[in-house]
Amino acid sequence: MPYEYWCRQCEAVSPEQRDRRADAEDEVIEHRRAAHGGLAPAAGDGVRRVHDETRHGCSGSLLFIAFLVFAVLANCWGR
Ligand SMILES: [Zn+2]
């Protein structure tokens, strides 16, 4: 499962997800240095695991289409 860094103060996340937690932690340090003068933002930041599906971003719309198909079929059977 990939990792990404997030910063609540900047509302920023990694531009790309990392397979290794250490790589995402490097990005936290790099972001603190670039955006916060090397300090941790008061609002919070860190590394979190992300689900693989978000990488492709299609599972949500697939579910929606499946729901639409189901709704249409249910409507037809109801008559
Ligand atoms: Zn930040």
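Just so it is clear, the model here is predicted, and its values are computed rather than measured. (Residues numbered from 1 in each chain as written. Predicted model: local features only at pLDDT ≥ 70, side-chain atom pairs only at ≥ 80, totals over all residues.)

Participant: I tried to follow the pairing of strand β3 (residues 45-49) on my own but got confused; where do I start?
Facilitator: Where a strand is regular, its side chains alternate between the two sheet faces. Along β3, only zero of the five residues are buried, which leaves the element largely exposed. Across five bridges, strand β1 (residues 3-7) lies against β3 in antiparallel orientation. Residue Y5 lies in a different strand from β3, and its bridge partner there is V47. (Buried ≥ 20, exposed ≤ 12 C-beta atoms within 10 Å, placed from the backbone. Helix = DSSP H or I, 4+ residues; strand = E, 2+ residues; numbered from the N terminus. Pairing = 2+ DSSP bridges.)

Participant: Got a minute to help me understand unusual backbone geometry in this structure?
Facilitator: Among all residues except glycine, the phi angle is most often negative; among peptide bonds, the trans geometry is most common. Positive phi, close to 55°, is recorded for E11, a residue that is not glycine. By the secondary structure assignment, E11 is in the loop between β1 and β2 (12-13).

Participant: Please explain the sheet that holds β2 as it appears in this structure.
Facilitator: Strand pairing in a sheet is mediated by backbone hydrogen bonds. Such pairs are either parallel or antiparallel. Taking strand neighbours across the sheet as the criterion, the three strands line up as β2-β1-β3 in an open arrangement whose pairing is antiparallel. Taken across any chain shown, the strands that pair with only one partner, and hence form the sheet edges, are β2 and β3.

Participant: Is there a simple way to think about helix α1 (residues 21-36) in this case?
Facilitator: The end-to-end C-alpha distance of α1 is 21 Å, a good match for the 22 Å that 16 residues give at a rise of 1.5 Å each. Following α1 by one or two positions, G37 adopts a phi angle in the positive range, close to 60°. (Expected span 1.5 Å × (residues − 1).)

Participant: Which parts of the structure should I look at to understand the UniProt feature "transmembrane region" (unreviewed entry) in the protein chain?
Facilitator: Under the feature "transmembrane region" (unreviewed entry), the UniProt entry names residues 60-78. A distance of 27 Å separates the end C-alpha atoms of residues 60-78, which is 95% helix and 0% strand. (UniProt positions renumbered as here; feature names shortened; annotations may be inferred.)

Participant: What is the right way to look at the environment of L39 in this model?
Facilitator: In this structure, L39 sits in the loop between α1 and β3. Residue L39 is classed as exposed on the basis of its C-beta count, with 9 C-beta atoms lying within 10 Å. Separated by ten residues in sequence, L39 and I29 have C-alpha atoms that sit 8.8 Å apart.

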